[in-house]
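# A structural walkthrough
Chain by chain, the residues:
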Amino acid sequence: MAGNSQRRGAIRKGASKKGSSIGSGGQRRRGLEGKGPTPRAEDRPNHKAHKMAKAAAKSGGPSGPRGSGGSGQRTGGSRRGGKASSEIVAGRNSVVEALRADIPVTTMYVAGRIDADDRVREALKMATTKGIAILETPRGELDRITDGAVHQGLALQVPPYEYAHPQDFIDPQVPGIPLVVALDGITDPRNLGAIIRSVAAFGGHGVVVPERRSVGMTASAWKTSAGAAARVPVALASNLTRALEEYRKAGFFILGLDMDGDVELPGLALATEPIVIVVGSEGKGLSRLVSETCDQIVSIPMSSTTESLNAGIAAGVTLYEVARRRAEAKNA
């Protein structure tokens, strides 16, 4: 018994020297516990992606509205109101066309040891002239950035578009009778770009796009607008019907375009008033709630052999007629 007591005393004495305590198994289990999710590559200071993100953040890029999306591009990043998101434009032709169209760009990614042809040289020259940050990127990282798209060693980072608010057009800062175009169910960015171009050409003040089930400002829309997107603001409406009702309260007339309209465009008497022209999708036309909100449904007279016009062309024809009537009234 005495021997056992001495051994237990020796164990306790030895334990106190080492500073350990009884029940160390729990400590071992705690040592094996995880320390939370692995930080993203962009958040790890020693990771290449973190350095790339810092370099992109330092480059302010061109000022003005921002664009995102389109053919040959990938949309990613956070969304504000369902539309604002950064975008990657991938591929040599797409990159060159985007730079030629003066689409806002913050960063150009170039694969290491790229086989430089005329497109690559032109892209590098334009990016340098515009002050765009150029980052040499391993092909594996470029594959990840472009989400597996065929990038051919070139890609652009397009920042999120800065949308206006629909009420900004109620009292526009530019002269003229307020003229706004609203899109209802338009999903093709080329139609949006064409409409923006027509709004700029015929004295319009802005374009309104709904938050859901509609195209946003993409790189393709920027390119189709032929530079007009830098001058014509695009507003984002969380609810298009509610935005149209707010315009009516402010004294606007809401005119919907539809082939079965009750007023033909040549007989439009409201052209000289503050108006919102609502353009519906080519397939479904105006939605029910939007149609019920309109003061008039306007149709464009056409030959019986033609069923309907492209949304962008229909908007352009209507804007031309409105501009013509306003010019006549001004000169009368």
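Fair warning: this is a prediction, and the values are worked out from it, not measured in the lab.

### A closer look at the pairing of strand β5 (residues 154-158)
- Here β5 lies mainly inside the structure; five of its five residues are buried.
- Of the strand pairs in this sheet, strand β3 (residues 107-111) and β5 are connected by four bridges, and their pairing is antiparallel. Pairing of Val 110 across the sheet is with Leu 154, part of β5.

### Description of the confidence of the model for the chain
- Averaged over every residue, the pLDDT of the chain is 80; the share at 70 or more is 73%.
- Every residue in residues 1-21 scores below 50 in pLDDT, and together they form two contacts with partners more than four places removed in sequence or on other chains.
- Between residues 58-81, whose pLDDT stays under 50, and residues either more than four places distant or in other chains, the model counts 76 contacts.

### Considerations on the sheet that holds strand β12 (residues 296-299)
- Strand order across the open sheet formed by seven strands is β8-β7-β6-β11-β9-β12-β10, with parallel pairing between neighbours. Two strands bound the open sheet, and with one partner strand each, they are β8 (234-237) and β10 (263-264).
- Relative to strand β7 (residues 206-210), strand β6 (residues 179-184) runs parallel, the two sharing three bridges. Following the sheet pairing, Val 181 is matched in β7 by Val 207.
- Here helix α7 (residues 189-201) sits on the sheet in contact with β6, β7 and β8, set at roughly 155 degrees to β7.
- Docked against the sheet, helix α11 (residues 311-331) engages β6, β9 (253-257) and β11 (275-280), running at close to 160 degrees with respect to β11.

### Some words on helix α5 (residues 118-130)
- An ideal rise of 1.5 Å per residue puts 18 Å on 13 residues; α5 measures up with 18 Å between its terminal C-alpha atoms.
- Turning to α5, its buried residues are Val 120, Ala 123, Met 126 and Ala 127. Taken end-on, α5 shows its buried residues confined to a sector of 135 degrees, consistent with a single buried face. Every exposed residue of α5 that faces more than 90 degrees away from the buried side is listed here: Asp 118, Lys 125, Thr 128 and Thr 129.
- Looking at the buried side of α5, the elements it contacts are α4 (92-100), β3, β4 (133-137) and β5.

### Quick look at the pairing of β9
- Within β9, four of the five residues are buried, which leaves it mostly tucked inside the rest of the structure.
- In this sheet, β11 lies alongside β9 in parallel orientation, the contact comprising five bridges. Paired with Ile 254 across the strands is Val 276, a residue of β11.

### Some remarks on the packing of α7 against α11
- Running from N to C, α7 and α11 point in directions that differ by 10 degrees, and their axes come no closer than 8 Å. Between α7 and α11, the angle is such that the two are roughly parallel. Contacts from Asn 191, Ile 195, Ser 198 and Val 199 of α7 reach α11 at Ala 311, Gly 312, Ala 315, Gly 316 and Leu 319.

### Some remarks on α11
- Between the first and last C-alpha of α11 there are 30 Å, a value that for 21 residues agrees with the 30 Å anticipated at 1.5 Å per step.
- By the burial criterion, the buried members of α11 are Ala 311, Gly 312, Ala 314, Ala 315, Gly 316, Thr 318, Leu 319, Glu 321, Val 322 and Arg 326.
- Looking at the packing, one finds that the buried side of α11 touches β6, α7, β9 and β11.
- Looking at where α11 begins, the residue whose side-chain oxygen comes 2.7 Å from the main-chain nitrogen of Gly 312 is Asn 310.

### A look at the environment of Ile 134
- Structurally, the position occupied by Ile 134 is in strand β4.
- On a C-alpha basis, the gap between Ile 134 and Thr 106 in space is 9.1 Å, while along the polypeptide they are 28 residues apart.
- When near neighbours in sequence (up to four residues on either side) are disregarded, Ile 134 contacts Met 108, Val 110, Leu 124, Ala 127 and Thr 128.

### Observations concerning the environment of Tyr 109
- By the element assignment, Tyr 109 lies in strand β3.
- According to the relative accessible area criterion, Tyr 109 is buried, its value standing at 7%.
- For the pair formed by Tyr 109 and Ala 155, sequence separation is 46 residues and the distance between their alpha carbons is 5.1 Å.

Cut-offs applied
Residues numbered from 1 in each chain as written. Predicted model: local features only at pLDDT ≥ 70, side-chain atom pairs only at ≥ 80, totals over all residues. Heavy atoms only, no water. Buried < 20%, exposed > 50% of the residue type's maximum accessible area, 1.4 Å probe, protein only. Helix = DSSP H or I, 4+ residues; strand = E, 2+ residues; numbered from the N terminus. Pairing = 2+ DSSP bridges. pLDDT = per-residue confidence, 0-100. Contact = heavy atoms within 4.5 Å. Axes fitted to C-alpha atoms, helices over the stretch in contact; angles between N-to-C directions. Expected span 1.5 Å × (residues − 1). Arc of directions from axis to C-beta. Parallel < 35°, antiparallel > 145°, perpendicular 65-115°, else oblique. Polar contact = N/O pair within 3.5 Å; in protein donor to acceptor, adjacent residues only side chain to side chain.

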